[in-house]
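Structure at a glance
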Amino acid sequence: MPGELFPRNPMKLSHVLRTIPIAALAGVLLLPAAGASGSASQVTIMQDEAQLLFTSSGHRASTLDEMRGLGADVIKVRVQWRFIAPSPDAKKKPQGFSGENPGDYPSANWAPYDDLIRQIVARGMRPYLMLTGPAPRWASGKTGIDRPKPSQFKRFVQAVGTRYSGTFGTSPLDPLADPPPRVDVFAPWNEPNLYSWLTPQSAHGVPVSPKIYRRLVLAAQKGLQASGHGGDELLIGELLPYAHQNSANKRKFSPITFLRELACVNSHYHAYTGKAAKRRGCQHYKALPGTGLAYHPYTLAGGPDVRTADPNDASIADLDRVTNALDKLSHRGRLKSSRMPVWVSEFGFQTNPPDHYASAIKRVPGFMGQSEWLAYRNPRVASYAQYPLVDDAIDKSGSGFQSGLRRRNGKKKPGVYKAFQLPLFVEKRTAKVVEIFGGVRAGGAGDKVTIESRVGHKGNFKTLGKVELGSQGYFDRVFTISKADERQYRFRLSGGGKSRTATAHG
């Protein structure tokens, strides 16, 4: 979670979604999604530790029921090292402590994770463990994010992997009453390109955090291999999308810059040599492991249309910058995987209310639909994410995340909750052609929806076409129709029920 991502001052919007008047229906033709090679199989990730981890088992259960009902496929869980480690505030590692065996850690520290993972799997969803800091003091600096020790992190990752191997606690010699199930998606560390998660970011003009993170990734790979997860998902990155605000004060790196430094290449993708390589720890570089890149493509306050001029930053509208960088690195042998997929693993929109610096809440449903369309239309994107379910409290500093689907008091945000349930976005291609993207997140292949348009805001909707949803509940269709940009569009579940309405963007 970005500690400093959103600017604490209002931003002028550079683009306003248009409300378009309605015209009469005429000459409708439903076409396949011409030129659209979207990621129809992309899964939905949800994350909210406040509601799932730091709570009772009963509240955990009701929250997971809601997430499942919303259509979540994957539940991401932040596993913070110091929360599980013994004596996390001690300067020295406890005597006799090794760290690679789950039994080396206090059993009570595992309990909430065990219960959460059991409940996730019981509902047919997939757990995704992000193993991150802060580290215990004995494995890092005083803050727990200052140069965490790779050797100790490897042991911690191995312990986590062993506990969630699917066989831990099943031995007759050391049985557990309810052994935890297997986990097969892991990611080492959170936002290593941000100073509040990993320090130092740089020193004496040389990037440092990429070197630290490179070692943590390699340590995590060894820990997972040692615990039987060598063939599972290892997602590297979990990167913050922007750095331009603080590029001068060494607090963060742009994601593309960080990826290049992580892979020991310069801005031209040439390998560092000589002193430059030595200062970055790149002398004996080997291709980095990883089955995918986890990414947090947050936008600025104006939504997906407010884009950064810095080519090394990348919001959800700039995911091609990320995939292009990955492909260049792969082509040069810097990554083990080719055409590495991008997992959108954390995402959401701050809303006003309650955050008066954020986008007006009435605009956010449109931003959500557009963002999901941008992710969907990129075939390299493996997932879409919502963080969190419920808003954080706003503290005196104005921090916390108010990008939930529910307000802090538990009430559904008007328009926002429904926009997540039933994503919808209409893109004007020409005066006579629109692309309509949407879905029923909890739906599945073969479910049918009816796409409609109407004359005037009070007129009757008329059918444009009926379509079947894909495997993850999405549809994407192109319509050729007179005065396409003067219409209002909606889709509804066949047989009645809930619907979503939108006007054209473009």
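See the structure above.
First things first, this report covers the structure right here in the doc.

Conventions and cut-offs
- The numbers attached to residues start from 1 for each chain and follow its sequence in the written order.
- Totals for whole chains, interfaces and linings use every residue, but because this is a predicted model, local features are given only for residues with pLDDT of at least 70 and side-chain atom pairs only at 80 or more, for both listing and counting.
- Values reported for side chains reflect all heavy atoms of the structure, with hydrogen atoms and water molecules removed beforehand.
- Here, two cysteine sulfur atoms that lie within 2.5 Å of each other are counted as a disulfide.
- The helix and strand labels rest on DSSP assignments: H or I over at least four residues marks a helix, E over at least two residues marks a strand, and numbering proceeds from the N terminus.
- Note on exposure labels: buried denotes an accessible area under 20% of the residue type's maximum, exposed denotes more than 50%, and partly exposed covers the range between, all computed with a 1.4 Å probe on protein chains only.
- Each Phe, Tyr or Trp ring, with Trp reduced to its six-membered ring, pairs with another whose centre is within 6.5 Å; inter-plane angles below 30 degrees give stacked pairs, above 60 give edge-to-face pairs, and intermediate values give tilted ones.
- Put simply, a charge is over a ring when the Lys NZ or the Arg CZ is close to the ring centre, within 6 Å, and near the line of the ring normal, within 35 degrees.

Counted according to the given criterion, the structure contains 1 disulfide. Residue Cys-264 pairs covalently with Cys-282 via a disulfide, S to S 2.0 Å. Looking along the S-S bond of the Cys-264-Cys-282 disulfide, the torsion reads about -80 degrees, which is the left-handed sense. Linking Cys-264 in the loop between α7 (255–262) and α8 (274–279) with Cys-282 in the loop between α8 and β9 (292–295), this pair joins segments that are 18 residues apart in sequence. Judged by its relative accessible area of 6%, Cys-282 is buried.

On to the packing of aromatic side chains. Overall, the coordinates contain 23 aromatic pairs when judged by the stated rule. When the centroid spacing of 4.9 Å and the interplanar angle of 45 degrees are considered together, the rings of Tyr-376 and Phe-437 count as tilted. Of this pair, Tyr-376 sits in helix α10 (residues 364–376) while Phe-437 is found in strand β15 (residues 433–439), placing the two residues 61 residues apart along the sequence. On the accessibility criterion, Tyr-376 (8% relative accessible area) is buried. For Phe-437, a relative accessible area of 0% translates into the label buried. Joined through ring pairs, the aromatic side chains of Trp-81, Phe-97, Tyr-105, Trp-110, Trp-138, Phe-153, Phe-156, Tyr-164 and Trp-189 make up one cluster. Positioned above the aromatic ring of Trp-373 is the side chain of Arg-377, whose terminal nitrogen or guanidinium carbon lies 4.3 Å from the ring centre. Across the ring face of Phe-461, the terminal group of Arg-490 is positioned such that the distance to the ring centre comes to 4.0 Å.

Keep in mind these numbers describe shape, not what the thing actually does.
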